[in-house]
Amino acid sequence: IDMASRNAIQLGPFAEMMRFIFKNILMHICLIFGLFGNILTIITLADKRMRRSSPARYILAITFLDTIYLICTFVSNIEIMYSSLDLESVAPFLSIISYPLSDFAGNASTYCIVMFTVERFLAVSHPLKSRIWCRPAQTRRVICWTVFVCFVCTFPTFLENKIVFRWDDRANKTIPILTDSDLLSFVKPYMYLYFWFIATFFQFVPLTLLIIFNSI
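Here the structure is a predicted model, which is why all the values come from computation and not from measurement. (Residues numbered from 1 in each chain as written. Predicted model: local features only at pLDDT ≥ 70, side-chain atom pairs only at ≥ 80, totals over all residues. Heavy atoms only, no water.)

K.L.:
Sorry if this is basic, but what is going on with the overall build of the chain here?
P.N.:
Each helix and strand in the chain was counted, giving 11 helices and two strands. Order of helices (α) and strands (β) in the chain, N terminus to C terminus: α-α-α-α-α-α-α-α-α-β-β-α-α. The contacts of the chain with a sequence gap of at least 6 include a subset with a gap of at least 24, amounting to 65%. When the accessible surface of the chain is summed, it comes to about 13,800 Å², and 70% of that surface belongs to carbon and sulfur atoms. (Helix = DSSP H or I, 4+ residues; strand = E, 2+ residues; numbered from the N terminus. Contact = heavy atoms within 4.5 Å. Areas by Shrake-Rupley, 256 points an atom, 1.4 Å probe, with all protein chains shown as cover.)

The structure is reproduced here in structure tokens:
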């Protein structure tokens, strides 16, 4: 939170330039082109004829999750990108939802890509049996279970922060501040164990599976 509230002068001229390039220019470019492309993809794949295809369902789910990730990432950084605006009373309420939601959407999208890769492997290695395993109805169930498991695994991030109200002498008013929740205060091993769980389950395992199945 302290990092998000620092201004460009405190960070120095180099950090000010980097923030302007990445947060103010590249972030907006990625958001505009990403959302535009994703919306066109969703419109195309949402057609009834396209939904009959199993790969189209995976791509539709991945596109939808990526759209959520783009929007939530933008919202999480809105206070930094628009530091000239008075967003102190709004930013904490946006960040407490957008950060964990972007974490969930990004991880769920990763595992949907893994499931899609597994389906392609089955279609190549077992083309006859894949007609049973890779049906659109089966694909819908796989996507729903994948999203559900990813949500359960990332749910603790929704509990990591809380909003407290403190008096700001500079602004001469009470402002909301995003701070660590009791989960981080009382459960000391949580940060260590959950970090390694996330690193293993959402980074090492998907990367390993993608390398294996794509290599085969």
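K.L.:
Would you mind showing me how to read helix α11 (residues 189-215) here?
P.N.:
Along an α-helix, residues three or four positions apart point the same way, because every turn accommodates 3.6 residues. Across its 27 residues, α11 extends 37 Å between first and last C-alpha, which sits within 8% of the 39 Å expected from 1.5 Å per residue. Maximal helix bending in α11 amounts to about 30°, located at T200. Regarding α11, the residues found buried are Y190, Y194, I198, A199, F202 and P206. (Expected span 1.5 Å × (residues − 1). Bend = angle between axes of the 7 residues up to and from the residue. Buried < 20%, exposed > 50% of the residue type's maximum accessible area, 1.4 Å probe, protein only.)

K.L.:
Looking at this structure, how should I read the side chain of T117?
P.N.:
Looking at the secondary structure, you find T117 in helix α7 (residues 91-125). Within the structure, T117 has its side chain in polar contact with the backbone oxygen of I113 (distance 2.8 Å). Beyond its immediate sequence surroundings of up to four residues, T117 is in contact with L210, F213 and N214. (Polar contact = N/O pair within 3.5 Å; in protein donor to acceptor, adjacent residues only side chain to side chain.)

K.L.:
What exactly am I supposed to notice about a nonpolar patch on the surface here?
P.N.:
A cluster of nonpolar side chains, F14, M17, F20, I21, F22, I25, L26, I29, I32 and F33, forms an exposed patch at the surface whose accessible area comes to about 1,000 Å². Assignment of secondary structure puts I21 in helix α3 (residues 13-45). Overall, the relative accessible area of 31% leaves I21 in the partly exposed class. (Patch = residues over 30% accessible without salt bridge, like charges linked within 9 Å, V, L, I, M, F, W, Y side chains within 5 Å. Salt bridge = Lys/Arg side-chain N within 4 Å of Asp/Glu carboxyl O.)

K.L.:
Help me understand the packing of α7 against α11 in this model?
P.N.:
Helix-helix packing is described using two parameters, namely the angle between the two axes and the distance between the axes. Two numbers describe how α7 lies on α11: the axes approach to 10 Å, and their chain directions differ by 20°. Comparing their axes, α11 and α7 come out roughly parallel. Crossing geometry of α7 relative to α11 is assigned as left-handed. Facing N107, T110, Y111, I113, V114, T117, V118, R120 and F121 of α7, the residues of α11 in contact are F201, F202, V205, P206, L209, L210, F213 and N214. In terms of residue class, the contact of α7 with α11 is made up of 12 nonpolar, four polar and one charged. (Axes fitted to C-alpha atoms, helices over the stretch in contact; angles between N-to-C directions. Parallel < 35°, antiparallel > 145°, perpendicular 65-115°, else oblique. Left-handed = near helix turned anticlockwise from the far one by under 90°. Nonpolar A, V, L, I, M, F, W, Y, C, P; charged D, E, K, R; others polar.)

K.L.:
Teacher, can you tell me more about the nonpolar core here?
P.N.:
Core analysis: the largest hydrophobic core is formed by 17 residues, its most contacted members being A108, Y111, C112, C150 and F202. For this core, the secondary structure elements donating two or more residues are α5 (54-76), α7, α9 (136-154) and α11. Ranked by the residues each element gives to this core, the list is headed by α7, at six residues. Excluding its chain neighbours within four sequence positions, the residues that come into contact with C150 are F104, N107, A108, Y111 and F202. (Core = buried A, V, L, I, M, F, W, Y, C linked by side-chain atoms within 4.5 Å.)

K.L.:
Before we go on, may I ask you to explain α5 in this structure?
P.N.:
In this model α5 runs 33 Å from its N-terminal to its C-terminal C-alpha over 23 residues, within 8% of the 33 Å that 1.5 Å per residue would give. Of the positions making up α5, those classed as buried are S54, A56, Y58, A61, I62, T63, L65, T67, C72, T73 and F74.

K.L.:
Help me understand the confidence of the model for the chain, please; the structure alone is not making it clear to me.
P.N.:
Any region with low pLDDT has predicted coordinates that should not be read closely. For the chain, the mean per-residue pLDDT works out to 82, and 87% of the residues sit at or above 70. The least confident element of the chain is helix α1 (residues 2-5), whose mean pLDDT is 42; the most confident is α9, at 92. Scored below 50 in pLDDT, residues 1-9 makes 11 contacts in the model with residues more than four places away or belonging to other chains. (pLDDT = per-residue confidence, 0-100.)

K.L.:
Before we go on, may I ask you to explain the packing of α5 against α7 in this structure?
P.N.:
One can describe the packing of α5 onto α7 by two numbers: an axis separation of 8 Å at closest approach and a directional angle of 155°. Considering the angle they form, α5 stands roughly antiparallel to α7. Relative to α7, α5 is oriented so that their crossing is left-handed. Residues belonging to the contact of α5 with α7 are distributed by class as follows: 19 nonpolar, eight polar and two charged.

K.L.:
What is the right way to read the packing of aromatic side chains from this model?
P.N.:
Here a ring pair, both rings aromatic, is described through the centre-centre distance and the interplanar angle of the planes. Counted under the stated rule, the structure contains 13 aromatic pairs. Taken together through their ring pairs, the aromatic side chains of Y111, Y194, F197, F201 and F202 make up a single cluster. Above the face of the F116 ring, R120 is positioned so that its terminal group lies 5.7 Å from the ring centre. (Phe/Tyr/Trp six-rings, centres within 6.5 Å; stacked < 30°, edge-to-face > 60°. Lys NZ or Arg CZ within 6 Å of the ring centre and 35° of its normal.)

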